[in-house]
Amino acid sequence: MPAVSAARLQRRFSVHGAEENPSRAHLVEGVSFEDAALHFLEDRHVEAAADEVSLLVEDCETGERQCFRVDLSTGETAPCD
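Everything quoted here is computed from the prediction, not taken from an experiment.

The rules behind the values
Residues numbered from 1 in each chain as written. Predicted model: local features only at pLDDT ≥ 70, side-chain atom pairs only at ≥ 80, totals over all residues. Heavy atoms only, no water. Core = buried A, V, L, I, M, F, W, Y, C linked by side-chain atoms within 4.5 Å. Buried < 20%, exposed > 50% of the residue type's maximum accessible area, 1.4 Å probe, protein only. Helix = DSSP H or I, 4+ residues; strand = E, 2+ residues; numbered from the N terminus. Contact = heavy atoms within 4.5 Å. Polar contact = N/O pair within 3.5 Å; in protein donor to acceptor, adjacent residues only side chain to side chain. Salt bridge = Lys/Arg side-chain N within 4 Å of Asp/Glu carboxyl O.

(A) View of the nonpolar core. Ranked by internal contacts, the top residues of the largest apolar core, which has 13 residues, are Val15, Leu55 and Val57. Per element, the largest residue contribution to this core is five residues, and it comes from helix H2 (residues 33-43). Val57 has contacts with Phe13, Ser14, Val15, Phe33, Ala36, Ala37, Glu64, Arg65, Gln66 and Phe68, leaving out every residue within four places of it along the chain.

Shown next as structure tokens:
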């Protein structure tokens with residue numbers, strides 16, 4: 001069975017700060033919701049008042065949404081409360 005390339009596993013996500021208007025979202029590709037959140041932070045220099053930021057990530061194909069808190073110093077993610 002041939003290996004599936006990582007590029008074929010990429011999905012498109014819309015990502016924006018949880019407190020921001022969805023019109024401020026950016027399209028990001030990733031293999032998962034968490035991956036998309038981290039790619040968004042790598043591409044955008046997000047300013048946060050604390051050591052973490054909350055991001056809303058939406059799968060562009062399915063419309064499924066997930067919210068993550070990302071620790072800016074470690075890159076660890078956790079679901080929003």
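(B) How the structure looks around the side chain of Asp59. Secondary-structure assignment places Asp59 in strand S3 (residues 52-59). In this structure the side chain of Asp59 is engaged in a polar contact, spanning 2.8 Å, whose partner is the backbone nitrogen of Glu61. Not counting residues within four places of it along the chain, the set of residues in contact with Asp59 comprises Arg11, Arg12, Phe13, Phe33 and Glu64.

(C) The pattern of salt bridges, seen in detail. Under the criterion given, the structure shown has four salt bridges. The salt bridge involving Arg69 is made with Glu52; its shortest N-O contact spans 3.5 Å. Here Arg69 is found in strand S4 (residues 65-71), whereas its partner Glu52 is found in strand S3, with 17 residues between them in sequence. According to the relative accessible area criterion, Glu52 is partly exposed, its value standing at 39%. In this structure, Arg69 engages Asp81 in a salt bridge whose closest nitrogen and oxygen atoms are separated by 3.2 Å. Residue Arg69 is located in strand S4, and its partner Asp81 is located in the segment after strand S5 (77-79); the two are separated by twelve residues in the primary sequence. Given a relative accessible area of 23%, Arg69 falls into the partly exposed group. The network of salt bridges with common partners includes Glu52, Arg69 and Asp81.

Geometric values such as these leave the question of function open.
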